[in-house]
Amino acid sequence: MTDEHGPGRVTAEFREVYGTEPGGVWAAPGRVNLIGEHTDYNDGFVMPLALPHTCLAAASPRTDGVLRLHSGDVPGGAVELRVEELSPVAGGAGGGDRGGWAAYPAGVVWALREAGLLTGGAGGADLHFESTVPTGAGLSSSAALEVVTATALNDLYGLGLTPPRIAQLCQRAENAFVGVPCGIMDQMASACCTEGHALFLDARDLTQRQVPFDLAAEGLRLLVVDTRVKHELGDGAYASRRAACEAAARALGVRALRDVPFEGLDATLAELERLGCDAATRRRVRHVVTEDRRVEEVIQRLDAGDTRSIGPVLTAGHASCRDDFEISCAELDLVVETANAAGALGTRMTGGGFGGSAIVLVEEADADAVSKAVTEAFGAAGHRAPRIFPAVPSAGARRL
């Protein structure tokens, strides 16, 4: 973490905004997902890792039930709210008086209060945020903002929450308050990841395992390619994918698509057709079931110490996201095609889709050449230059 983005600067900015010293400074990271896309809300498996990019929060408690929120990344003064008046409003984001970004931390405070964790005047706070997690890049900038808020309030008010419980409350904030029907992966990654590891997570029961993922020691690098194409998960496309998956599960009489066995997938798809499910819904099911299997393949290969062999599994995952779940875009497809042609071991989109970022597994010696090829391909296609940086598995939320 640089001096330009660290506790000293955030403390000074808190002091400038609020005129007092903060009670502390906390950090929560963004994430990339190695494999397991749109499987979390289907009770399936995911494998994210935390990025070194973080959202920082300087915070102090208040005893008057007032919540003041200020961001160093958004022009304007502090947003002032009353904790007791926080409530979800149709359309998400709490309506026009709450502002887009402020709905995320406000929603966390609402979720904590709804859970009976903040009573009386508790829950009021002054918070100042600053983030290096790219927004709209599919790297969970919103989850980092939520998790850093909950982590700070957990410490300030002695709530005794575990990282998984923090993640659950943050997911509730995003689902019910902001209005985005996300799964649990992003918040769990931000709250629970550890340095040097990927997080193997069962989204049904939240059991997790930290899987060693030291690419540098193996002469490998994982690149993130931010296409700079902004995605908006609240625009209905994400919600429609989730609704299709849930409808298919109901038709099949299972709790979630996680319960559809890979070995019987063809029979399941035939049954869905017999039940009148359209071709698009059947493709969604095929993606989820095969993607869960790909997560299991990756974990087996990593456990066997054969990291290079996960490359083709990543590329297969992209094809499924593109063709069956239909959440890719021209820029993401261009990254995959170009990087693999330039010698990458495997490439795929990561995150919710419709823009955002791709990940590229490369030999360390090939990283610069692959990056150059992707940048040149974007230029030739008339796209904005992508932002490319290494994904270094980093620590989850913490007090600094």
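Residues numbered from 1 in each chain as written. Predicted model: local features only at pLDDT ≥ 70, side-chain atom pairs only at ≥ 80, totals over all residues. Heavy atoms only, no water.

### Topic: helix H5 (residues 185–192)
Burial within H5 is extensive, with eight of its eight residues counted as buried. Those residues of H5 not exposed but buried are Met 185, Asp 186, Gln 187, Met 188, Ala 189, Ser 190, Ala 191 and Cys 192. Against the buried residues of H5 lie strand E1 (24–35), strand E2 (45–61), helix H3 (141–156), helix H4 (163–178), strand E6 (197–202) and strand E7 (208–212). (Buried < 20%, exposed > 50% of the residue type's maximum accessible area, 1.4 Å probe, protein only. Helix = DSSP H or I, 4+ residues; strand = E, 2+ residues; numbered from the N terminus. Contact = heavy atoms within 4.5 Å.)

### Description of the UniProt feature "active site" (unreviewed entry) in the chain
The feature "active site" (unreviewed entry), as given by UniProt, occupies Asp 186 in the numbering adopted here. You can see Asp 186 is positioned in helix H5. Judged by its relative accessible area of 18%, Asp 186 is buried. The contacts of Asp 186, once residues within four sequence positions are left out, are Arg 31, Ser 140 and Ala 143. (UniProt positions renumbered as here; feature names shortened; annotations may be inferred.)

### Some words on the UniProt feature "domain: Galactokinase N-terminal" (unreviewed entry) in the chain
Mapped onto this numbering, the UniProt entry gives "domain: Galactokinase N-terminal" (unreviewed entry) at residues 12–61. Along residues 12–61, the helical share is 14% and the strand share 58%, with 17 Å between the first and last C-alpha atoms.

### A look at the nonpolar core
Side chains that are nonpolar tend, in soluble globular proteins, to be buried together. Leu 34, Met 47, Leu 67, Leu 69, Phe 129, Leu 222 and Val 360 are the most contacted members of the largest nonpolar core, which totals 120 residues. Element by element, the count of residues in this core is highest for E2, at nine residues. Each residue touching Leu 222, except ones within four places of it in the same chain, is listed here: Leu 34, Leu 49, Phe 213, Leu 215, Ile 359, Val 360, Leu 361, Phe 389, Pro 390 and Ala 391. Residues Tyr 18, Ala 27, Leu 56 and Ala 58 belong to the second largest nonpolar core, which totals seven residues. (Core = buried A, V, L, I, M, F, W, Y, C linked by side-chain atoms within 4.5 Å.)

### Things to note about the pairing of strand E3 (residues 66–71)
With five of six residues buried, E3 lies mostly within the body of the structure. Relative to strand E4 (residues 79–82), E3 runs antiparallel, the two being bridged by four bridges. Paired with Arg 68 across the strands is Glu 80, a residue of E4. (Pairing = 2+ DSSP bridges.)

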